[in-house]
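Below, each chain spelled out in residue letters.
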Amino acid sequence: MTITAAQAMVRCLQEEGIRVVFGLPGAAICPFYDALSKTDIRHILVRQEQNAGHAASGYARLTKRPAVCIATSGPGALNLITAVATAYMDSIPLVVITGQVSSELLGRDVFQEADITGSCEPFVKHSYLVKNAADIPRIMKEAFHIAGTGRQGPVLIDVPSDVQTQKIPFTYPEAVHIRSYKPNLIGHPGQIKRVVSALSNAKRPLICAGGGVFSADACEALLAFSQKTGIPVVTTMMGLSCIPANYPLNLGMIGMHGAPEANRAMNSADVLLLIGARVGDRAIMSPMGLCRNAKIIHIDIDPAEIGKNIETDIPLVGSAKLILEELCERADKLHAENWSLDLQGRRAFTGESWSGVIRPKRVIQTLCKRAEEDAVLVADVGQNQIWSARGFSIPHGRFLTSGGMGTMGYSIPAAIGAKLAAPGRQVIAVCGDGSFQMQMMELATIRSNSIPVKMIVMNNSRLGMVRELQDTRYGGNETAVFLDGNPDFVKLAESYGIPSCRISNDGDIDEAIQNMLSCADAYLLECTVSPEEPTL
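The next subject is the environment of I297. One can find I297 in strand β13 (residues 295-300). With 198 residues separating them along the chain, I297 and G99 place their C-alpha atoms 44 Å apart. Beyond its immediate stretch of four places on either side in the chain, I297 contacts V195, A198, L199, V271, L272, L273, L274 and I314.

So, in structure tokens, the structure goes:
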């Protein structure tokens, strides 16, 4: 018995256990959509293709498995590129399916043709342009394997419309055989021995955890290792929430916007254990000046990352989870000396109350206090990201954001994906008025699918981070940062049937947060913020 390649693609998704996909159709992908509509896979129709990628990212980060986004050829596929690049930089596993013009028309610049495999080449782990329909099962199997193993990331599958309609016999492969792709998971015994020795002799060892801890599903192993050894932990922004916020040895986030206690610890450590961190400039402040007197141990699944931004004394390639579990078995040999530091990391915001505007730090503090202990906070990019990251203190919550690419317009679609992946958890998106207007079309997606995400919009009528940069580095020459003509966000939300509220006094924050979190439906809370409110 034969089926169409489009039907085979859908069967492959079912074999991979995919239950939800995100996309926006067009002519070149219609055969696939026709087949998809006849299954129980839930399709979330976004209002712009980029948001399909961001929603899939939020979904993947909560399920810890590759998620799927879909677009048609030409502009549809091109709209996905920013989301693909965002996922690539943050090592988020996606399988990106795009339609393409008919095979015989490739390269002729016909209607809605774009070389999407070429365009995405710098931002994907691998890409496929399917020319033989019979290859579909193998390609789909390989795509999920590549996306979800090693250093995770997006894989693109571009399928011409005529290929989708061809008939093929269907058998889904049981295994993947790629000679050139075999990620190393087990840490080298000799290097592990060196790590144990270095930590045993350390006076002030410190763990710096990055987003790779999530990719490796190593959060529990990290906590167990820290508890057994007494080694304090700092995190990059992408590593926030990999260890409980109320854990006594959690010093908080490092970097140019990090906690002073965490940065002081970085400068005081004599042995630094980097786990799943790229050592980016924003996360580490100045990578070249990092811990100049410390011995650097770098654990990462991707050997290309080790030593790329900082000299490493002991490189260790492999799965952070497996390596931490092995190190924990030898933890009785480690004798970490107590740090003479304030190990509470974060301090409560105690600034004075303002009338007429809201102190955003107080909003985040109240949100973290009132939210459920496993709530998910999705921060956008800009000042709101820093306020959210510095104030994040949900005990067993999850912090999501766009770290490597710093993509504005990430929070709401990612929150949609996160909520669909974890319907039992509170999911709150925090964004600025600038970034909100890059994604506000997804209020329709929220409404049409009854997705009860909560949204906080920090409205200062500015591109706040850029304005602050212009003030500090360009002599106060504020230009092209004034968001004149902002809509009434409360009325906008209400036009979609989404409950909303606006507050402009600190005294109203607690009640407004309570009302938002207790609402059974989606909710938008607008906070009027001073245009001069600083990031720190």
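A separate point is the pairing of strand β5 (residues 94-100). Where burial is concerned, most of β5 is hidden: 7 out of the 7 residues are buried. Here β5 shows no split at all, with L94, V96, T98 and Q100 on one side and V95, I97 and G99 on the other all buried. Taken together, the 5 bridges between strand β4 (residues 67-71) and β5 define a ladder with parallel strand orientation. From the neighbouring strand, A67 faces β5, where its bridge partner is L94. One ladder, built from 7 bridges, connects β5 with strand β7 (residues 154-160); its direction is parallel. By the bridge assignment, V96 is partnered in β7 with L156.

Before going further, it helps to spend a moment on the packing of aromatic side chains. Enumeration over the complete set of coordinates arrives at 5 aromatic pairs. Relative to Y33, the ring of F32 has its centre 6.1 Å away and its plane inclined at 90°; by these criteria the two rings are edge-to-face. Owing to a relative accessible area of 0%, F32 belongs among the buried residues under this scheme. Taken together, a centroid distance of 5.3 Å and an interplanar angle of 85° make the contact between F436 and F489 edge-to-face. With F436 in helix α18 (residues 433-436) and F489 in helix α21 (residues 489-495), this pair connects stretches of sequence that are 53 residues apart. A residue is classified by how much of its surface remains accessible, and F436, at 0% relative accessible area, is buried. By relative accessible area, F489 is classed as buried at 0%. Stacked on the ring of F214, the Lys or Arg R398 has its end atom at 3.7 Å from the ring centre.

What follows concerns the environment of N263. Of note, N263 is situated in helix α12 (residues 260-268). Expressed as a C-alpha distance, the spacing of N263 and L251, which sit 12 residues apart in the sequence, is 9.0 Å.

One can find K131 in the loop between β6 (126-129) and α7 (136-148). We classify K131 as exposed; its relative accessible area is 65%. Placed 222 residues apart in sequence, K131 and S353 show a C-alpha to C-alpha distance of 63 Å.

For the structure shown, the criterion picks out 18 salt bridges. Here E16 ties to K141 by a salt bridge, and the two come within 3.9 Å at their closest N and O atoms. Pair noted here: E16 is in the loop between α1 (5-15) and β2 (20-24) and K141 is in helix α7, with a separation of 125 residues, a long-range link. Here the two residues E16 and K141 agree in accessibility, since each one is buried. With a closest N to O distance of 3.2 Å, R151 and D302 form a salt bridge. Separated by 151 residues along the polypeptide, R151 in the loop between α7 and β7 and D302 in the loop between β13 and β14 (314-317) bring together distant segments of the chain. Its relative accessible area of 21% is what places R151 among the partly exposed residues.

This part takes up helix α3 (residues 49-63). Given a rise of 1.5 Å per residue, 15 residues ought to cover 21 Å, and the 21 Å separating the end C-alpha atoms of α3 matches this to within 8%. Burial analysis of α3 places 14 of its 15 residues in the buried class, the great majority of the element. The opening residue of α3, the one whose side-chain oxygen lies 2.7 Å from the backbone nitrogen of Q50, is Q48. Directly beyond the C-terminal end of α3, a positive phi value near 65° is found at K64.

Bringing the pairing of strand β3 (residues 42-45) into the picture now. Relative to β3, β2 runs parallel, the two being bridged by 4 bridges. Across the sheet, the residue bridging to F22 is I44, located in β3.

Looking now at the domain arrangement of the chain. For the chain, the assigned domains read domain 1 (2-169), domain 2 (189-338) and domain 3 (360-528). Taking only C-alpha atoms, the centre of domain 2 and the centre of domain 3 are 30 Å apart. Domain 2 puts 14 residues into the contact, and the matching count from domain 3 is 16 residues. Here domain 2 meets domain 3 over a buried area of about 1200 Å², counting both sides, of which 62% is carbon and sulfur. At the boundary of domain 2 with domain 3, the tally comes to 0 salt bridges. At the boundary of domain 2 with domain 3, the tally comes to 4 residue pairs in polar contact (both at pLDDT 80 or more). In terms of residue class, the side of domain 2 that touches domain 3 is made up of 8 nonpolar, 4 polar and 2 charged.

What counts and how
- Residues numbered from 1 in each chain as written.
- Predicted model: local features only at pLDDT ≥ 70, side-chain atom pairs only at ≥ 80, totals over all residues.
- Heavy atoms only, no water.
- Helix = DSSP H or I, 4+ residues; strand = E, 2+ residues; numbered from the N terminus.
- Contact = heavy atoms within 4.5 Å.
- Buried < 20%, exposed > 50% of the residue type's maximum accessible area, 1.4 Å probe, protein only.
- Pairing = 2+ DSSP bridges.
- Phe/Tyr/Trp six-rings, centres within 6.5 Å; stacked < 30°, edge-to-face > 60°.
- Lys NZ or Arg CZ within 6 Å of the ring centre and 35° of its normal.
- Salt bridge = Lys/Arg side-chain N within 4 Å of Asp/Glu carboxyl O.
- Expected span 1.5 Å × (residues − 1).
- Polar contact = N/O pair within 3.5 Å; in protein donor to acceptor, adjacent residues only side chain to side chain.
- Domains from an automatic or database assignment.
- Buried area = accessible area lost by both parts, 1.4 Å probe.
- Nonpolar A, V, L, I, M, F, W, Y, C, P; charged D, E, K, R; others polar.

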